[in-house]
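Overview (structure and organization)
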Amino acid sequence: EAGVTQFPSHSVIEKGQTVTLRCDPISGHDNLYWYRRVMGKEIKFLLHFVKESKQDESGMPNNRFLAERTGGTYSTLKVQPAELEDSGVYFCASRAGGGIRQYFGPGTRLTVT
Amino acid sequence: AQSVTQPDIHITVSEGASLELRCNYSYGATPYLFWYVQSPGQGLQLLLKYFSGDTLVQGIKGFEAEFKRSQSSFNLRKPSVHWSDAAEYFCAVGAVEYGNKLVFGAGTILRVKS
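These notes cover the structure that comes with them.

Reading the values: the criteria
Residues numbered from 1 in each chain as written. Chains lettered and ligands numbered in written order. Predicted model: local features only at pLDDT ≥ 70, side-chain atom pairs only at ≥ 80, totals over all residues. Heavy atoms only, no water. Helix = DSSP H or I, 4+ residues; strand = E, 2+ residues; numbered from the N terminus. Buried < 20%, exposed > 50% of the residue type's maximum accessible area, 1.4 Å probe, protein only. Salt bridge = Lys/Arg side-chain N within 4 Å of Asp/Glu carboxyl O.

What follows concerns unusual backbone geometry. What is expected of a backbone is that most residues other than glycine have negative phi and most peptide bonds are trans. For the peptide bond that leads from Phe7(A) to Pro8(A), omega is -5°, which places it in the cis range. Looking at the element boundaries, Pro8(A) is found in the loop between strand S1 (5–7) and strand S2 (10–13). Following Gln80(A), the chain continues to Pro81(A) via a peptide bond in cis, the omega torsion being -10°. Phi at Lys51(A) takes a positive value of approximately 55°, unusual for a residue other than glycine. The backbone of Ser72(B) shows a phi angle near 50°, a positive value even though the residue is not glycine. With respect to the secondary-structure elements, Ser72(B) resides in the loop between strand S8 (64–68) and strand S9 (73–78). On the basis of relative accessible area, Ser72(B) is assigned to the partly exposed category, the value being 24%.

A side chain of one charge can pair with a side chain of the opposite charge when the charged atoms of the two come close. Residue and element names in this part refer to chain A. If you walk through the whole model with that rule in mind, you get twelve salt bridges over all chains. Its salt-bridge partner being Lys15, residue Glu83 comes within 4.0 Å of it at the nearest N-O pair. Linking Glu83 in the loop between strand S8 (75–79) and strand S9 (88–95) with Lys15 in the loop between S2 and strand S3 (19–24), this pair joins segments that are 68 residues apart in sequence. The class for Glu83 is partly exposed, based on a relative accessible area of 23%.

Structure follows, in structure tokens:
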């Protein structure tokens, strides 16, 4: 069984540009989560999808961040326009319905210069 | 508000020595708890988890953790550390009542000296 995959593994962009991160959850997992770790801080929750619906987006920092989950499969997280403080590692995790364990992807390291 | 505290940012132990990483939480619901490890360049790997039942849980790589409800703690232990255990360790808490989203501690970086 394939794990959670994320693309790209690393992205370097300039301030003001747009970046889109992608997450492919484990097949059949209805629940998908995005988390972020900025330099020196703890890993923080961004949002939670159940299938294609946003269940909880209380952790999204501002309206420069847009998350989608097409057809309840893969998810994208777009940052537009990117700011310096958006630099960090973005993790995606998926969870089977009825389960509790979240399976994490390897993360995308975003560097905004 | 939910919070997880890992009071030690860095810990250095000698290879073969015992290890204990501390984790305390503050949570408004019945929590379940995890320890994750992240090695350089790798993602988050689950070491062990506690949902209910026996408060001493065994994980991978020889790690164990004990849930102490009275102390709101979930400390991670290993009797003999190996050089390959050098990594960053995260304690995390979640609850069904909060949609299973995880609250993480700040992490503890473990260094192993030979």
